[in-house]
Every structure is written in structure tokens, then in C-alpha cells.
Amino acid sequence: MPDPQTLRLSVQNMSCASCVGRVERALSARPGVTDIRVNLASETVQAQVDAPERIFKVMEALDQAGYPARTQSVRLNVASMSCASCVGRVDKALGAVPGVLDVSVNLASETATVTYAEGAVELADLLKAAQDAGYPAEPAQDAAPEDHSARKESEARVLARKTGLAAGLALPVFTLEMGAHLVPGMHDLIGRTIGHETSWLVQFVLTTVVLIWPGRAFYTKGFPALVKGAPDMNSLVAVGTSAAYLYSLVALFAPAVLPEASRAVYFEAAAVIVVLILLGRWMEARAKGRTGAAIQKLLGLQARTARVLVDGDTKDVAIERIRTGDILVVRPGERIAVDGEVTNGSARVDESMITGEPVPVAKTIGDPVTGGTVNGSGAFQFRATRVGADTTLAQIIRMVEEAQGTKLPIQGMVDRITLWFVPTVMALALLTVIVWLLVGPSPALSFALVAGVSVLIIACPCAMGLATPTSIMVGTGRAAEMGVLFRKGDALQQLTDVDVVALDKTGTVTEGRPELTDLILSDGFERSEVLALIAAVEAQSEHPIAEAIVRAARTENVARHDVESFESITGHGVRARIAGRDILVGADRLMTREGLEIGALADSERRLAEQGRTALFAAVDGRVAAVIAVADPVKPASAAAIQALHDLGLKVAMITGDKRETALAIARETGIDHVIAGVLPDGKVAALDELREGSRQIAFVGDGINDAPALANADVGIAIGTGTDVAIESADVVLMSGDLRGVVNAFEVSTRTMRNIRQNLFWAFGYNVALIPVAAGVLYPAVGLMLSPVLAAGAMALSSVFVLTNALRLRSVRPAMDESKPVQAATTLSASPVG
């Protein structure tokens, strides 16, 4: 009977004593859970559990009772991981810590993200578990963000030196041994000069130096892992090269032990294998450093210092010391340090790193500015509103890092295979040796050694472990550069399964604010005069339609008038006295109520309504002067983006709370396939369920607070980055730009990345499936071909380099739709007179 273990969890949603009782009852009903203590003040639960696995039952009970346990995540830098088998062992070691809920290990970035029950696990427990497994770890947050790239560069330099040293020592060994076999007359030359035994002694000395100096790490890591019963890639190299080396020692110093036909040395195999694998690791380290290029580029956007206003004077301050509320001064050409709000001055700011739009944005007092963007012209001051980890740029970097550390569903299969792959290969190598000894031709022992070592060397599973994470790192990084942020990395895979893209209307398909689209005049009236009078009336209202009319008047710089009197006519419109003239603005029923003849404008009003626009009439001094149309205009890029989604084989639907006529008009204009209109905010989830009929996968695109439930409910939620924080937090993918072209680019990156992953996996698995039998010697009976261990080492190194190089191709992915190019707006103002 195991000793009981004390479990302490932090619990959410407890607000009164009755909550305490419900938590106690929920836990008491679970077997193996005793001595339950619930503390309302500290919002914690303490209990005794009879086995570590009971923790999951406790958390399940709390969740079902409505009081879920809080969880935390920590990111660890993990050392000594070299292949996919290491990933499996680190995952297993960390997952075995009681209270750990999820582990995601990334070989490419050499990190592990651990999610655990708050209060149940200490960081020290995780570090100890990793250390005991042979993979020392440290908290990633203790290191600067640049450390991964710098660490890989440093590692690459060290490996380059080791490779150069090993190659310099191995070249004479290779020349002496292989030259004697391949170069005519060289065998006799060696015999006449230094002698064959001396040649073997020279090879012995040089190879020994290679193994104990540049190649030492293979043995100091590989053999301990083998002793623990958890062999890894280093174990394969250590066993294979040691077998060749020890066999050669026997042939050199105790030749009588071996049959005469088997007296040969394989020092060159051991030495050259170490050189080639070091070369492969050096190339891997260089490539791994480049997989994080996107993060480095984002980090390069961060200012290092800022000019802060203190008692009327400016002072250079490190970015880390800026606090919310500080007033910062920005001069032309400088990078803005943190997020804030302009308090003095004006400028034009290049925000392309956020929006993708190349045109600088005018900023004046009260406008927001974003850290990392660049001031073009004009000097200004701004108040810091978000600093440190809260800035937009810091959040973008964090999202990219989290997405890069994600384990896709496809990776689960790889992990299960590679965990058992190395032990299986070692068993195959042993079987290969036995078969050759039993049925192989003379000298059977030499053939057995060559085949066994070749199997060990060629089967290193590095390529398998790198196939998925490197593609994710490069793909999500490139997506970020294109303005597509994968908050949840598994959305990369899920997007490829989507059948229907459902769009919110307001702010997603349309601009999100009404604009004056038409002003159709009766004979005898001037546009500027009528617009000025209407705008003066509407300036008294805060309704969005009124604001649209006032904005149009301001844009056209028409005359401004004072309002002498104003009267609101409920349900009909408004009446006002302006510049001595009587003005009416309202629906057709207001004109009818006042006995005014609409005349020819009636047809125009009907046509505008059919187009989904809100139409109003205006009358001046008892005569109908104009019909005004206001609409939320479709974003210029929406129609082209929807067509691009159709080209990808996707159906497009629109969900809106607007009336059906308006929604259908927009659908006709943009090419949307299916419309669900008149939906209340809480009905969008039901609308998604309707679209799911037939087991279709749904991606939902939205930007508002009322879109958050739908974003969370969809198979993939895509938030327009110009939307609210609530919507963004509920989404799987965030688009930094404000239009639908980003959705097309998200699908493009997803498709290209998943294709790249499948290519990598096909190569990694296909390479092993094809070459392990060749290394074992299956071709020898038919064609007399044996794979040299040296060639096996070269092929193994090349397989990893191929996978990394293929993943790096994703850095050249181009946007399917270039968001930096302006799109001609489809809607124009009309000022046609009507007779």
C-alpha cells in the first residue's frame, strides 16, 4: 500500500461557505481522497491522495463541480536532446511528475512547455525530473529571449572546431586504410616504407584521439543512457563506433584471437563516422539557429532605450525602466518604445509591422501609438499606457513563441514510434550480426561487424524528431512576418481540414462604421448646400447614421451652420431651423406626415433599400430636396478575399444580426454562398452548429466582443487584429491587419506548412525503411553490395540536414494576397440629380 501523498491545489470560483461545502462533497465522493481541507480565504484545497494518479481524478471532480483548479505553464530550456528518442524520454520524465497535466517538448528549439496544477508542482520538481532523466533543464524565462539563437551560434562554432579537429586527425587514417584498398600500388608502397603494422598503429593513435577528444560526448552521453535502459542517438553512435574500434584493437594487438581471414582493422570507420556525425550536428546547429529568425526579427523591432520627459527635461532611459504614465518624446525617424497615447504634437507613423499597410498613418493628440512602429515625420510626445510584457509587440512575440512550441496532433504518432525506435534498431543490429555469423560468407565476422555497425549508424532518428517542430517554427515565424499570428499552433493542422469559413459581417466583411454612400438631389438643389443643412441637423445626434453624415460633410468641407431650433419627432425623424430655413430629415413616413410629395425620389429610395442601404429623406422649406443613403461599406478587399477562399475549395457563409435584405445585398456584392441573418449575439454559436451539419469543419472570423463565444466554439477561431482584446483572446489565429486577405494568407501558410511536415516525415521514415535493410546487407546475396559504415554515417547526417533545409524553405513563402497593396474601393458616393 503506497504512502498517502498531500495534494494542495488553487481553486477558482469559490465565493462563499456553500461553495466550500460543495467542493468538499465533490472530493469526498472520490475514492482514495481523504483529509479534505478547503480554505475559502486562500481559495485552496488540501487533501490526502493514495496515489499520484488520483490528482487527475481530483481535478476532474473539481471541474465537474464548477470549481476548476488553476493551472500554470512554464517553459524550460532542456540540454542534451539530440534526437526524437530524447523528446520521448523528456516528455515521459516530466509527465511522470505528480500534478503535471501536459508536456510539449520541442527538439528544434530545445525547450519543453509544461502545464501543471498550480500548487501541486514546484519548479524544482520539474528540474529534478529532467536532470534525473539525463537532460538538465533551466527555466527559459531566466534567459534573455535572444539566447536560443546566440546559444545555437555558439554551439555551431564549438562543433565547427571539433569537426575540423576530427577531420584533420581522421584524414590520414582514411588515406592510409582506404588508399591501400582503392589506389593501385599504395598497399605495396605502405608495406615497403612504414610497414602495414606501423600503418595500423598510426591509425590506432589518431583514431583514439578522435574518439576521446572531439568525439567524447557520444560516449559520455550514450553509454549512461544505455545503462539506464533508455538508449538514444548517442548510444547508437557509441555502440557502433566502439564495436569497430574494439574489433580493430583485437586485430592489431591480439590477432591470434581472430580467424586469419577476419584480421582487418576498421579504425577509419570509427574515425570518419565521428567526423561525419559532428559535421551533421554542426549543420543542424546552424540551421536550428535560422529557424528562429522570425523571433529575432520581431525582437529587432524593440527599442532599447527611450527619451522620457522628467521635470521638463528629456532623459534617456532603458526600455525596462519605463513605467505606465511616463511621458515619452519621439523625434523623426525614431522607433516608438512602448504602446501609448499621443499627448502633444503630431506625426505620420509607419505601422506596417503591425498592419502590413505601407502608407504611414497620421497621428495627433489622443491617437494611440504602438511600440516597435517607426515615426516618419514630425516630433510628438505620448503617455505610456502599456509597457514591458503588456505591449502589443511583446504579446506578438509571446504568441509566436507559444505557437512554435506547440505539438501538432500529427506529432503524437511520431513520438510514439520514436520512443521505441532506438531499442528496436539495437535489437535489429544484434539480429543482423547473429544472422551474418550464422549464414554469412567468409570472413563472416568482418561482414557481421560491418553490417551491424551500419545498421546502428544509419538508423539514428534525428530526422524524425526534427521533421515536425522545425516546420512549425519556420512556418509560424513566417506567418507572423505576414501578419498572421497562430495563438494556438495546432490551428496550423486544423485549418487544412476546414470546409466552411463563416464570417461576422460588421467590422469583418464591412468597415464596421456607417458611411454616406448616396446623396440623390431633386432639381434645383445644390449638393454642398443640402449636405451642409442636413449635417447641421445631424450634428445634434450621436446616432451612427448621423455621425456618418457629419463625417461626409466634414470631408467635403461644406459650410457650417448654427442650429436655431431643434425638435425630435419620435419614430419619424427630426425638424430644425437653420439659417432661417425649415429643415426636415427622416423616413418617408415623416414626409407623408407633413404632407410633402416625394415624387421621383421614391424610386431611388426603393432601389437603395434593395441594395441594403438605410435611406432617409430631407426637405427644405416644405419641399423634398434629397434622398440620403447610409451604409456600412464593404471593405475593399472582401470580395477578392472571398473569391480566393472559393478558389481554395471553401464555402463562405456570413452570420449577422442585421436584417436579411441588407445581408443578402452584401452577399451578392462579395460572392458569399450562405447567409444567416437576424442572429442575436448569443445565437452565433447555434448558427455555427447549423453550418456544421454533415460533419463539416468550421472556421469563424470575427472581431467584436459578441464574437468571442463563436470564436471559441468554432473548430478554428480567427480574430481580426483590429478587433477587441476579448475576441483576440478567444481565437486560435489572430490577423494583425483589418481585412479578410489575412484569412487567405492563414490558409496558405497552413497548407504549405503541413505539406512541408508531410514531406519531412515521408523522407525521415522512408529513409529508415529503405536503408536499414540495405545496411543489414539484404542486397549482398543478389548484387554483392554492402553499405559501408562510413557511407551510413554520411547518409544519416544528410537526412537531418535535408529535413532542416526543407523546413527552412518555408521562410520564402509569399502571401497568397499581398496586404501591402491597396484595393480599389467598390463603393462611391452618388450625387445624381433627379428631375
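Residues numbered from 1 in each chain as written. Predicted model: local features only at pLDDT ≥ 70, side-chain atom pairs only at ≥ 80, totals over all residues. Heavy atoms only, no water.

- As recorded by an unreviewed UniProt entry, the protein carries the name P-type Cu(+) transporter and is attributed to Roseovarius lutimaris.
- UniProt, in its Subcellular location (unreviewed entry) section for the protein, records the words "Cell membrane".
- Quoted straight from UniProt, the Sequence similarities (unreviewed entry) entry for the protein says "Belongs to the cation transport ATPase (P-type) (TC 3.A.3) family. Type IB subfamily." (UniProt positions renumbered as here; feature names shortened; annotations may be inferred.)

1. Side note on the overall build of the protein
Here is step 1: Looking only at helices and strands, the protein features 30 helices and 30 strands.
Here is step 2: In the protein, which comprises 835 residues, the proportion classed as buried is 52%.
Here is step 3: By sequence separation, contacts in the protein at least 24 residues apart represent 70% of the contacts at least 6 residues apart.
Here is step 4: Just so you have it, the protein exposes about 36,300 Å², and 55% of that area is on carbon and sulfur atoms. (Helix = DSSP H or I, 4+ residues; strand = E, 2+ residues; numbered from the N terminus. Buried < 20%, exposed > 50% of the residue type's maximum accessible area, 1.4 Å probe, protein only. Contact = heavy atoms within 4.5 Å. Areas by Shrake-Rupley, 256 points an atom, 1.4 Å probe, with all protein chains shown as cover.)

2. Some thoughts on the pairing of strand E11 (residues 339-345)
Here is step 1: Relative to strand E16 (residues 380-386), E11 runs antiparallel, the two being bridged by 6 bridges. By the bridge assignment for E16, Val342 is matched with Phe382.
Here is step 2: Both E11 and strand E14 (residues 368-369) contribute to a ladder of 2 bridges, which runs antiparallel. Within E14, the position partnered with Glu341 by the bridge is Pro368. (Pairing = 2+ DSSP bridges.)

3. Let's talk about the packing of aromatic side chains
Here is step 1: If you walk through the whole model with that rule in mind, you get 10 aromatic pairs.
Here is step 2: Between Phe380 and Phe382, the ring centres sit 6.1 Å apart and the planes meet at 40°, which makes this aromatic pair tilted.
Here is step 3: A relative accessible area of 0% places Phe382 in the buried class.
Here is step 4: Measuring from centroid to centroid gives 5.4 Å for Trp436 and Phe447, while their planes differ by 15°, and the two rings are stacked. Of this pair, Trp436 sits in helix H14 (residues 409-439) while Phe447 sits in helix H15 (residues 444-458), and the two are 11 residues apart along the sequence. One exposure class covers both Trp436 and Phe447, and it is buried.
Here is step 5: An aromatic cluster of at least three residues, connected via ring pairs, comprises Phe204, Tyr245, Phe253 and Phe267. (Phe/Tyr/Trp six-rings, centres within 6.5 Å; stacked < 30°, edge-to-face > 60°.)

4. A few points about the sheet that holds strand E8 (residues 305-310)
Here is step 1: Across the sheet, which stays open at both edges, the 6 strands sit in the order E9-E8-E10-E16-E11-E14 with antiparallel pairing between neighbours. Sheet topology places strand E9 (313-318) and E14 at the edges, where each strand pairs with a single neighbour.
Here is step 2: Pairing of strand E10 (residues 327-330) with E16, which is carried by 4 bridges, proceeds in the antiparallel orientation. Within E16, the position partnered with Val330 by the bridge is Phe380.

5. Description of the packing of H15 against helix H28 (residues 741-776)
Here is step 1: The geometry of H15 relative to H28 is characterised by a closest axis approach of 8 Å and an angle of 165° between their N-to-C directions. Regarding the angle of H15 to H28, the classification is roughly antiparallel. For the crossing formed where H15 meets H28, the hand is right-handed. Seen from H15, the contacting residues are Ala451, Ser454, Val455 and Ile458; seen from H28, they are Tyr767, Asn768, Leu771, Ile772, Ala775 and Ala776.
Here is step 2: Grouping the constituent residues of the contact of H15 with H28 by class yields 8 nonpolar, 2 polar and no charged. (Axes fitted to C-alpha atoms, helices over the stretch in contact; angles between N-to-C directions. Parallel < 35°, antiparallel > 145°, perpendicular 65-115°, else oblique. Left-handed = near helix turned anticlockwise from the far one by under 90°. Nonpolar A, V, L, I, M, F, W, Y, C, P; charged D, E, K, R; others polar.)

6. Some thoughts on the UniProt feature "transmembrane region" (unreviewed entry) in the protein
Here is step 1: Residues annotated by UniProt as "transmembrane region" (unreviewed entry) correspond here to residues 165-186, 198-215, 236-258, 264-282, 417-439, 445-468, 761-780 and 786-808.
Here is step 2: End C-alpha atoms of residues 761-780 are separated by 28 Å, and the span's content is 85% helix alongside 0% strand.
Here is step 3: Between the C-alpha atoms that bound residues 786-808 the distance is 34 Å, and the span itself is 87% helix and 0% strand.

7. As for the pairing of strand E4 (residues 71-78)
Here is step 1: When E4 meets strand E6 (residues 111-117), the two strands line up antiparallel, connected through 7 bridges. Note that in E6 the partner of Ser73 across the bridge is Thr115.
Here is step 2: Where E4 lies against strand E7 (residues 137-139), 3 bridges are found, and the strand directions are antiparallel. Note on E7: the bridge partner recorded for Asn77 is Glu138.

8. Comments concerning helix H24 (residues 660-670)
Here is step 1: Every buried residue of H24 is accounted for by Thr662, Ala663, Ala665, Ile666, Ala667 and Thr670.
Here is step 2: The elements touched by buried residues of H24 are helix H18 (505-509), helix H22 (601-610), helix H23 (638-647), strand E25 (651-655) and strand E26 (674-676).
Here is step 3: One or two residues past the end of H24 sits Gly671, with phi positive at roughly 85°.

9. Considerations on the sheet that holds E7
Here is step 1: Taken in spatial order, the 4 strands of this open sheet run E5-E6-E4-E7, and their pairing is antiparallel. Each of the sheet's edge strands pairs with one partner strand only, and the pair in question is strand E5 (100-106) and E7. Here the average twist between neighbouring strands, direction ignored, is 30°.
Here is step 2: Across the sheet, helix H3 (residues 84-95) is in contact with E4, E5 and E6; its angle to E5 comes to roughly 160°.

10. Brief notes about unusual backbone geometry
Here is step 1: Residue Pro443 is bonded to the preceding Ser442 through a cis peptide linkage, with omega at -5°.
Here is step 2: The topology assignment puts Pro443 in the loop between H14 and H15.
Here is step 3: The phi angle at Asp35 is positive, at roughly 50°, despite the residue not being glycine.
Here is step 4: You can see Asp35 is positioned in strand E2 (residues 33-39).
Here is step 5: What makes Asp35 partly exposed here is its relative accessible area of 39%.
Here is step 6: The backbone phi angle of Asn557 is positive, close to 55°, even though this residue is not glycine.

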